[in-house]
Amino acid sequence: MAATSSVHVADHIRSTLFNILVDPENDNQKDTHLTSILKFSHELKLYSDEKANVQNWIGHLNQCLGATKTRLQGLGLLAVIIDQCSTQVFQQHCASWVRLLMQILQSHDSIEIIHVASSSLATILKIASDMAELSRDLSTNHIPGMISTITTLKPQLQLCSLQVLSACLSNFAGPCGTFKNKLENYLVAAIQSSSTNIALAACKCYILLPGVGGGGTGGAKHTEAWDQCCDKLINTGHGILEQLYQDVETESYAAVSSETVKLASPPETEPHRSTCLLQQFEAICTCVQNLLEEDFPVHVNIPMEGILTMCCRTMAVTGKMLTHRLTTEMTLLSASLPALHSAALSVMTALISSCRGHLIPHGQVINKLFIQALAWTHTDAAGKQKPYSNLRLGTYQCLQTWLEVVGASSGLESVAETLVDQLLQDVRPQMDVTKLSTGIGESIISSGSNKRGKKSKQKGQRSAGHDVSVHPRVNIYANSDLCAAALKVLRLMFLRLGMKLKPGIHKEVHEIVVPLLLQIQQSHNAPPIPYSSGICCEELYRLLLSCVLVPHAKWPAPLHCAIRIFSVGRQDMCIQVASTCAEASVICTNLLHPKVPSLHSSISLAEIKPKAKEVVTKMPSEMMLSHVMIQRDTSVYKQSDGKDAVEDMDTHSPALITTPEEQEVVQYDQRKQNIESNGSKSGKHVNESDSDDDDEDEQEDSDDNQRKDLKVDRKRDEKVGDENRSAPSSEDLPPEPVGESGDAKRSAEVRQEGDGLDEKGESKDAREESKPSGEEDVKGGKGKRKREEEPESSVGKRKAPAEEETTEELSSMLSTFVDSYPDSD
C-alpha cells in the first residue's frame, strides 16, 4: 500500500513540474524554474521507476534540442533522463539522441552548449557499449560518420572533439581501426598544442590507439602495437633530450628503435626553441605515464630498463652543472630543468606502480636519483615558498610510492642518513633570521681623520647605521604541502624499514619530533611555520606514533612522552588532528597496559625449585605439570616363561619441554634416576666376588656431589616409603657388606625400591609366588601390588642364582632406560 502511494506521489510531482515547465506564462522565468526542476529531479529520482511515464518529458526535450533557443534547456533535461531512465526507454531513444547531438556539434552554437552536448554524447556511448544490439547498431551506422565529423571541427572546439573521440576509442575500438593512421596524425598535432588541457586530453587518446582494430589470435596484434607505441615514445624522448643537452652531456645513449613520433621541428631561435622542446618532452612523458597507468586488454612486456634509462638521462643534468655557463641556451635550460625533472619523476612513479617488485634489482639506481634530486634543490626561505618546491614535492611522492610498493626491499637503508638529513630540512620549522647592524664600524672608518663625517641622510631617507628592519611579509602556510610530504616519507621509512635504520637515526628523529610537538602545543596562537596547517600537524603526530610502534633495539621508544603528547593533542582545534591523536592514544595505552597477562614470567627459578621437587615426590595423578613432565612408570609383570620383565608405561618424547620451570623439574627427575642407577651398580659390585675396589671408589667419587644435593629428598622418599609398608626390625635388615660406605648402602636401598626389590634384596614378585593366591591383592592399572610382609628366616643369605639373574636383568633394563634420556645438565 505504501509503495502504491509513493508511486502516485511521484506521478503527481512529475506532472506538476512538467506543467510548470511548459506553461507559456512562465517563459520569462523559465531558466529559474528549469534549475529548480533539475535539482528536484536529481534528488527525488523521478525518472528511475520502470513504470514511470516519461514519454511527455522525452517529447519535450527532443523538441527543445531541435530549436536553437531552447537547446540548453533540452540538454539539461537530457542529462537527467539519461542518468535515470530505464533500459527499455534508453534503447528506444538512443539513436535519435545521437543524431540530435551530432547536429548540435556541427552547428554554430556557443562553446558552452557544444561542450554540454559533447559530454552527453560521451555518456550515451559509454552506456550503449554494454548493450549488444544497440552497440552493433551504433558501430555500423553512427561511429564512422562521428569520427569523420569530430576530426574536422573548428580548432576552438578541439577539446570537445577529443572528449567524444576518447569515448569512441574506449568503447568502440573495433570500428575505429580503419581510421588509425588518420587519428594518429590528428592526435600527434593535438599533443603539441599550447593549451595544457588540449595536450592532456590528446595524450589520453593517443595511448588508446594500440587497442583499436582487430586483435588477432590471443590479442597478438594489440600486444605488438603496444610495444611499438612504447618504443616510439621512448626513442622520441631521447631525441628531445639530445637536442636540449647537446652542450652538456658527456655520455651517448643508444636509440631504442628507429621509429619515432612525428613531432614538428622546433624553431631555431631562442627562447622559442627551448620552450617548444620542453612542451614536446612533457607531452611525451605524459603519454608514457598514461600508457603505464591505463589498463590494457592483453598482457604486455614493459621495457623497464629503457624507461628507467630515459629518466636517469633526464635527471643527470642538475642546476649546479649550469651555474658557470651564462649563455642564453644554458640559462633557459636551467630554468627548464625543474619541469624536465618533474616530468621524468612522474614517469618513474608510474613505472614503480606498474612493475613493483621487478624493479628491486634497479633499487640502487633509483635511490641515487632520489638523493641527487633532493641534494641540488635544497634552499632556505623562511615564511616564503621555497624554490624548486614542486620538484621536491614530486620527488617525495615518487619516494612514497617506492616505499609503499617494495617496502624493506627498497635498499634505502644504505642511503638513510643522507636521505633523513634532506627530509628533516623540510620538517624543521622555518625561522626568520634578522641581522642587526648599528653602523659603528662605518662611523669609525669615515672618521679616521678625527673629523665628523658628513651626514648622508637625505629627505625621506634614514642613514644606514640607524635603519630599523621592517618585518617581511610572512605566509604561515608556506611549504606546508612540502613539509607534509616529507613527514609522510619519514613515517613510511620507520614503518617499512624499522630495525634496518641505525639507532642514531632513531635518536635524531626522536629529538626533533618530541620537542617540536611540545612547542606546537605550548604556542596555541602562533605555532611555528608551517605547522599552522592541520595536515602538517597530523603527519607529525603520525610520525611520532610510528616511532613508538617500530623502535630500535638499541634506542628506546618515546612511549611515555607520546602518551602525554597524544593526550594533549586530543584537544586540538582541528578535528582531524584530534581524531588522529585519540586513535594514537588508544594504541599507546594498550602498549603500556596490555589487556592480557604478559608472556614473560616474573617468578624466579629459586621460587620454582622447591615446588618442582615437591611435585616429583607426588603421585602422577597429583602432578599439575602432567603435560610437561615425562612420567615414566615401570611395573613388573609375568611373561609366559615365568620371567620378570619391565614394561614402559609412557613413551612420550621430552621434546615439548620449553620453559625454565619445566626443565628444572625434568632435570631433577633425571638426576635422581642417574644416582639410583649408579648406586645400584656400585652395591652390586660389592656383593659380587669379582668386584673391583678401584672402580667402586671412582664411581662413588663421581656421584658424591649429586648425593649431597639429594640427601633431603632421599629422606623424604624414605619417609613416604615407610608409610606404605611396615618398617622392618633391625634383626631383619641384611648385614652391611664389607667395604661398602653408608651412602652406597642407602643408594642401593633406593635402587631396590625402584626396581621392585624389598629391603633384603629379593624380588617382590618372587616373594609373592611363595604366598597363597588368595593373599595377593592387585591395585590400579599400573601394576602396583599390595602385599603383607612375612618374616624371612634366610635374612643375610646370598641370593639364589635365579634371583641374581632377575636382579641383573632389571638393573640392565633400567640403566638402558635412564641412559636413553639426553643429559639435561
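The shown structure was predicted, so the numbers you read here are calculated from the model rather than taken from an experiment.

Peer 1: Before we move on, can you summarise the packing of aromatic side chains with the specific residues and values?
Peer 2: Centre distance and the angle of the planes are the two values used to describe a pair of aromatic rings. As enumerated under the stated definition, the model contains three aromatic pairs in all. On the basis of an interplanar angle of 65° and a centroid distance of 6.3 Å, the ring pair of Phe90 and Trp97 is categorised as edge-to-face. Aromatic side chains Tyr541 and Phe566 sit 6.1 Å apart centroid to centroid with 45° between the ring planes, which places their arrangement in the tilted category. One end of the pair, Tyr541, is in helix 22 (residues 534–549); the other, Phe566, is in helix 23 (residues 559–569), and 25 residues separate them in sequence. Both residues of the pair, Tyr541 and Phe566, count as buried.

Peer 1: Describe the pattern of salt bridges, listing the residues and the values that go with them.
Peer 2: By the definition in use, this model includes nine salt bridges. We note a salt bridge from Arg392 to Asp426, for which the minimum N-O separation is 2.9 Å. Placement of Arg392 in helix 17 (residues 389–406) and of Asp426 in helix 18 (residues 416–427) is noted, with a sequence separation of 34 residues between them. Overall, Asp426 belongs to the buried group, its relative accessible area being 6%. The residue Glu417 makes a salt bridge to Lys502 at a minimum N-O spacing of 3.2 Å. One end of the pair, Glu417, is in helix 18; the other, Lys502, is in the loop between helix 20 (480–496) and helix 21 (503–522), with 85 residues separating them in the sequence. Under the relative-accessibility criterion, Glu417 is labelled partly exposed at 44%.

Peer 1: Could you give an account of helix 13 (residues 272–293), naming the residues involved and the relevant values?
Peer 2: In a regular helix each residue adds 1.5 Å, so 22 residues correspond to 32 Å; helix 13 covers 32 Å between its end C-alpha atoms and thus fits that length. Where burial is concerned, most of helix 13 is hidden: 16 out of the 22 residues are buried.

Peer 1: Pulling in residues and values, what's your account of the environment of Cys230?
Peer 2: Position of Cys230 relative to the elements: it lies in helix 12 (residues 220–244). By relative accessible area, which is 1% here, Cys230 ends up buried. Here the alpha-carbon distance between Cys230 and Pro210, two residues 20 residues apart in the chain, equals 9.7 Å.

Peer 1: Got a sec to walk through unusual backbone geometry? Specific residues and values, please.
Peer 2: Among all residues save glycine, negative phi is the norm, and among peptide bonds the norm is trans. Put simply, Glu270 and Pro271 share a cis peptide bond, and its omega is 5°. You can see Pro271 is positioned in the loop between helix 12 and helix 13. Omega for the peptide link from Ile529 to Pro530 comes to 5°, which places this bond in the cis form. The residue Pro530 is located in the loop between helix 21 and helix 22 in this model. Positioned with a positive phi, Arg356 is a non-glycine residue whose angle comes to about 55°. Within the secondary structure, Arg356 is located in the loop between helix 15 (328–355) and helix 16 (363–375). The class of Arg356 is exposed, set by a relative accessible area of 51%. Phi is positive for Tyr388, close to 60°, though the residue is something other than glycine. Within the fold, Tyr388 resides in the loop between helix 16 and helix 17. The exposure class of Tyr388 is partly exposed, given its relative accessible area of 30%.

Peer 1: Requested: an account of a nonpolar patch on the surface, with residues and values cited.
Peer 2: A cluster of nonpolar residues, Val474, Ile476 and Tyr477, forms a patch on the protein surface that exposes about 270 Å² of accessible area. Position of Val474 among the secondary structure elements: in the loop between helix 19 (440–446) and helix 20.

Peer 1: Explain the environment of Leu134 to me, using residue names and the numbers behind them.
Peer 2: Following the sequence through the fold, Leu134 ends up in helix 7 (residues 132–141). Judged by its relative accessible area of 9%, Leu134 falls in the buried class. Considering only alpha carbons, one finds Leu134 and Gln91, 43 residues apart in sequence, at a separation of 6.8 Å. Excluding residues that lie within four positions of it along the chain, Leu134 makes contacts with Phe90, Gln91, Cys94 and Ala128.

Criteria and thresholds
- Residues numbered from 1 in each chain as written.
- Predicted model: local features only at pLDDT ≥ 70, side-chain atom pairs only at ≥ 80, totals over all residues.
- Heavy atoms only, no water.
- Phe/Tyr/Trp six-rings, centres within 6.5 Å; stacked < 30°, edge-to-face > 60°.
- Helix = DSSP H or I, 4+ residues; strand = E, 2+ residues; numbered from the N terminus.
- Buried < 20%, exposed > 50% of the residue type's maximum accessible area, 1.4 Å probe, protein only.
- Salt bridge = Lys/Arg side-chain N within 4 Å of Asp/Glu carboxyl O.
- Expected span 1.5 Å × (residues − 1).
- Patch = residues over 30% accessible without salt bridge, like charges linked within 9 Å, V, L, I, M, F, W, Y side chains within 5 Å.
- Areas by Shrake-Rupley, 256 points an atom, 1.4 Å probe, with all protein chains shown as cover.
- Contact = heavy atoms within 4.5 Å.

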